[in-house]
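Examination of the molecular architecture
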Amino acid sequence: MRFSGKTVVVTGAASGIGAAAAALFAREGAIVFASDIDVAGGEKLAAGTEGDVRFVECDVCDTASIKALMDRAAAETGGIDVVFNNAGAGGARPDISEIEPDEWDRTMDLLLRSVAMGIRYAVPHMMHRKGTSIVNVSSVAAVGPGYSPTAYAVAKAGVLHLTKCAAMDLAKHGIRVNAVQPGFINTNIFTSSLEVPDEIKDMAKAAIAQLSSNAQPVARGGQPIDIANAVAFLASDAASFITGQSMIVDGGLTVGPRHSWDAEAPRMFSTLEAMVEQAQAAKQNA
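None of the values given here were measured: they were computed from a predicted structure.

Rules and cut-offs
Residues numbered from 1 in each chain as written. Predicted model: local features only at pLDDT ≥ 70, side-chain atom pairs only at ≥ 80, totals over all residues. Heavy atoms only, no water. UniProt positions renumbered as here; feature names shortened; annotations may be inferred. Helix = DSSP H or I, 4+ residues; strand = E, 2+ residues; numbered from the N terminus. Axes fitted to C-alpha atoms, helices over the stretch in contact; angles between N-to-C directions. Parallel < 35°, antiparallel > 145°, perpendicular 65-115°, else oblique. Left-handed = near helix turned anticlockwise from the far one by under 90°. Contact = heavy atoms within 4.5 Å. Nonpolar A, V, L, I, M, F, W, Y, C, P; charged D, E, K, R; others polar. 1 Å grid on protein atoms, 1.4 Å probe; cavity = no way out; pocket = protein on both sides within 12 Å on 5 of 7 lines; lining within 4 Å. Points joined across faces, edges and corners; volume = space filled by probe spheres on them.

1. Some details on the UniProt feature "signal peptide" (unreviewed entry) in the protein
Here the UniProt-annotated "signal peptide" (unreviewed entry) positions come out as residues 1-22. Secondary structure content for residues 1-22 is 32% helix and 18% strand, while the C-alpha to C-alpha distance between its ends is 14 Å.

Here's what the structure looks like:
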């Protein structure tokens with residue numbers, strides 16, 4: 001019961017990582033304000049989750065909606081102890097040579113500005129409370145290209161730097177700020193961002209699950225609870241000496257190129273050695 005009596009706000013809580021985190025916080029004693037634009041999903045979560053989960057409709061692209069969420073959580077409980085800025089989606093998919101300005105802006109609003117404003121409007125309700133913590137969702141896409149569309153990757157890299165800057169700004173208030181960087185996690189973000197038709201979503205999800213189990217050294221697909229566990233640690237008193245940092249939770253996806261951990265993948269040096277041996281054998285037979 002690490003969060004007994006604490007007030008926790010989770011954005012993007014109707015499904016995936018947000019739902020797993022909201023349920024975990026609630027099971028461990030928190031009063032959880034679970035927000036999302038998906039009203040049906042949010043209400044289902046609140047009704048079916050053990051503990052005190054209160055659904056609040058919130059569009060994180062609307063700053064007034066974010067402020068109303070934080071104000072309500074504080075009004076009902078007296079303040080806020082933990083904020084998990086999780087809401088997001090895949091964003092615009094075109095590369096930098098084709099993306100339109102409004103697509104870029106929408107992606108930044110959803111994935112970066114929403115985090116900044118989540119912090120901004122939560123902080124007044126977190127001051128003067130002991131052990132307050134903010135956790136933001138970044139991504140392995142922040143560490144380099146190739147993991148996501150360009151706009152998404154840039155926004156998630158921005159979240160990492162925002163996390164460090166916010167940790168510096170809020171240290172005087174005793175508020176810790178950290179981030180978590182998920183790898184290939186089995187959630188609906190893939191089918192949603194790819195606009196997969198409803199009639200083949202189940203097939204697509206099965207294919208994604210299979211792909212994710214083979215994408216990294218840990219030979220299973222990442223699950224929302226894997227990220228929720230990391231978020232709960234960073235938000236807990238066990239991480240009271242950690243701020244301005246980010247935890248990569250990716251099953252080893254970013255440890256190195258595939259040939260460094262997959263015995264079946266082509267290895268550069270092995271390939272070069274084979275080429276040398278072939279050349280030498282050809283020379284001897286000439």
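The structure having been displayed, the exposition proceeds.
2. Describing the packing of helix α3 (residues 63-77) against helix α4 (residues 101-122)
Their axes nearest at 9 Å, the elements α3 and α4 cross at an angle of 40 degrees. Relative to α4, the element α3 lies oblique. Regarding α3 and α4, the two cross each other, and that crossing is right-handed. Counting all contacts with α3, which are made through Thr63, Ile66, Lys67 and Met70, the residues of α4 involved are Arg113, Ser114, Met117, Gly118, Tyr121 and Ala122. Class assignment for the residues of the contact of α3 with α4 results in five nonpolar, three polar and two charged.

3. Structural notes on empty space enclosed by the protein
In total, this model carries one cavity of 30 Å³ or more according to the counting rule given. Put simply, the largest cavity is a space of about 50 Å³. Considering the residues around the largest cavity, the lining is formed by Thr11, Val60, Ile66, Asn85, Asn86, Ala87, Ser114, Val115 and Gly118. Looking at the lining of the largest cavity element by element, the count peaks at three residues for α4. By residue class, the composition of the lining of the largest cavity is four nonpolar, five polar and no charged.

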